[in-house]
Amino acid sequence: MKYGLIAGNGKFPFLVIDGARRAGAELTVVAIKEETDPRIEDAAADVTWVGIGQLGKMLSCLKAAGVEKAIMAGQVKHVQIFSGAMPDMRMVKMLWNLPRRNTDALIGGVAAELEKEGIELIDSTYFVKDELAPEGVLTRRQPTDLERENIEYGLHIAHEIARLDLGQTIVIRGKACVAIEAMEGTDATIRRAGDLVNGNLTVVKIAKPDQDMRFDVPVVGVPTIETMVAAGATCLSVTTGKTLIFDRKEMIALADKNKICIIGSPGETNG
């Protein structure tokens, strides 16, 4: 079986490469010029670079390599789609036929184009299942009563914005919304919350109610905690079994050092 990796930014693509290597799987990588870390060429033997709008080239590369199953790993910022990048005809046709241009529709459109070429888009965590968040408190410090109330409130609100595909992160203080994620990403949302209020923030990052594990899987890591420290956030809730935690040991150590609580929550609410 030949696998393909469509690599966005961040560490996720590198973890997939490592996981595929451990599994003895053959991997062809398509890297996005505007997003992918150039060091990916040191991590994988078979790498082809494409522009953000070069859907036709990406598909041709994967098909020519004999790829049967593909994985999308790493963020491609939504704003890149609207950045003035010149799309090829395959991308133009796909965009034209989309009913809307939110995350699910855009990446779902790419999945449909892959399927037309006989390539199945599979679970992005296929090679990295051990990186998914477990349930329960991961840090030394337990959440306070107020943080638990913030989480319960935040889960309800975050569930709604995730269902609407508006973002995955909400920042709460005193059971009130301080910041809600749109296109800017988790870290920028936390920073914005820190600019608005002074400390005691609870961050809730949630998977969509029917999260498609093929793409847009929630991710946290050391930079998340660094951003929380700077913003004065004290607690982080992530969805159990559907959120990737990168560099878990280092992330938890940094959280413990700064008395931040991290908890894996089921992602469901009581109403």
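Procedures and definitions
Residues numbered from 1 in each chain as written. Predicted model: local features only at pLDDT ≥ 70, side-chain atom pairs only at ≥ 80, totals over all residues. Heavy atoms only, no water. Pairing = 2+ DSSP bridges. Helix = DSSP H or I, 4+ residues; strand = E, 2+ residues; numbered from the N terminus. Buried < 20%, exposed > 50% of the residue type's maximum accessible area, 1.4 Å probe, protein only. Lys, Arg positive; Asp, Glu negative; His and termini not counted. Salt bridge = Lys/Arg side-chain N within 4 Å of Asp/Glu carboxyl O. Axes fitted to C-alpha atoms, helices over the stretch in contact; angles between N-to-C directions. Parallel < 35°, antiparallel > 145°, perpendicular 65-115°, else oblique. Contact = heavy atoms within 4.5 Å. Nonpolar A, V, L, I, M, F, W, Y, C, P; charged D, E, K, R; others polar. Phe/Tyr/Trp six-rings, centres within 6.5 Å; stacked < 30°, edge-to-face > 60°. Disulfide = S-S within 2.5 Å.

### With respect to the sheet that holds strand β5 (residues 120-121)
Spatially, the five strands line up as an open sheet ordered β3-β2-β1-β4-β5, and their pairing is parallel. Each of the sheet's edge strands pairs with one partner strand only, and the pair in question is β3 (47-50) and β5. Relative to strand β4 (residues 69-73), strand β1 (residues 2-7) runs parallel, the two being bridged by five bridges. Note that in β4 the partner of Tyr3 across the bridge is Lys69.

### Observations regarding the side chain of Lys205
Relative to the assigned elements, Lys205 resides in strand β9 (residues 201-205). Look at Lys205: it is buried, it has no salt bridge, and the nearest opposite charge is Glu181 at 4.5 Å.

### Brief notes about the packing of helix α3 (residues 55-64) against helix α5 (residues 89-97)
Between α3 and α5, whose axes approach to 6 Å, the crossing angle comes to 110°. Taken together, the axes of α3 and α5 lie roughly perpendicular to each other. Contacts between α3 and α5 pair Leu55, Gly56 and Leu59 from the former with Arg90, Met91 and Met94 from the latter. Each residue belonging to the contact of α3 with α5 can be placed in one class, and the counts come to four nonpolar, one polar and one charged.

### Some thoughts on helix α9 (residues 222-231)
Residues Val222, Thr224, Ile225, Thr227, Met228 and Ala231 constitute the buried set of α9. Tucked into the core, α9 has its buried residues touching α8 (186-196), β9, β10 (219-220), β11 (233-239), α10 (248-257) and β13 (261-265). At the exit of α9 stands Gly232, carrying a positive phi of roughly 80°.

### Focus: the pattern of salt bridges
Close approach of charged atoms allows side chains of opposite charge to pair. Evaluated as defined, the whole model comprises 15 salt bridges. Put simply, Arg192 and Glu184 hold a salt bridge, and the shortest N to O gap is 2.4 Å. The partly exposed category is assigned to Glu184, whose relative accessible area is 33%. What emerges from the salt-bridge pattern is a single network uniting Lys63, Arg90, Glu113, Lys116 and Glu117.

### Some thoughts on the packing of aromatic side chains
Across all of its chains, the model carries four aromatic pairs by this definition. Each ring, one from Tyr126 and one from Phe127, has its centre 4.9 Å from the other, and the planes form 85°; the classification is edge-to-face. A residue is classified by how much of its surface remains accessible, and Phe127, at 10% relative accessible area, is buried. Three or more aromatic residues joined by ring pairs form one cluster here, namely Tyr3, Tyr126 and Phe127.

### Notes on the packing of α8 against α9
Where α8 meets α9, the closest approach of the two axes is 8 Å, and the angle between their N-to-C directions is 10°. Here α9 runs roughly parallel to α8, going by the angle between their axes. For the pair α8 and α9, the contacting residues are Asp187, Ile190, Arg191 and Gly194 in the first and Pro223, Thr224, Thr227, Met228 and Ala231 in the second. In terms of residue class, the contact of α8 with α9 is made up of four nonpolar, three polar and two charged.

### With respect to the state of the cysteines
Each disulfide is one covalent bond, formed between the sulfur atoms of two cysteines. By the definition in use, this model includes zero disulfides. The thiol of Cys261 is unpaired, and the distance to the nearest cysteine sulfur, on Cys235, comes to 4.2 Å. On the basis of relative accessible area, Cys261 is assigned to the buried category, the value being 0%.

### Regarding the pairing of β11
Across the seven residues that make up β11, a large majority, six, are buried. Both β9 and β11 contribute to a ladder of five bridges, which runs parallel. Bridging from a neighbouring strand, Lys205 pairs with Val238 of β11. Across five bridges, β11 lies against β13 in parallel orientation. For Ser237, the partnering residue across the bridge sits in β13 and is Ile263.

Honestly, it's all geometry; don't read function into it.
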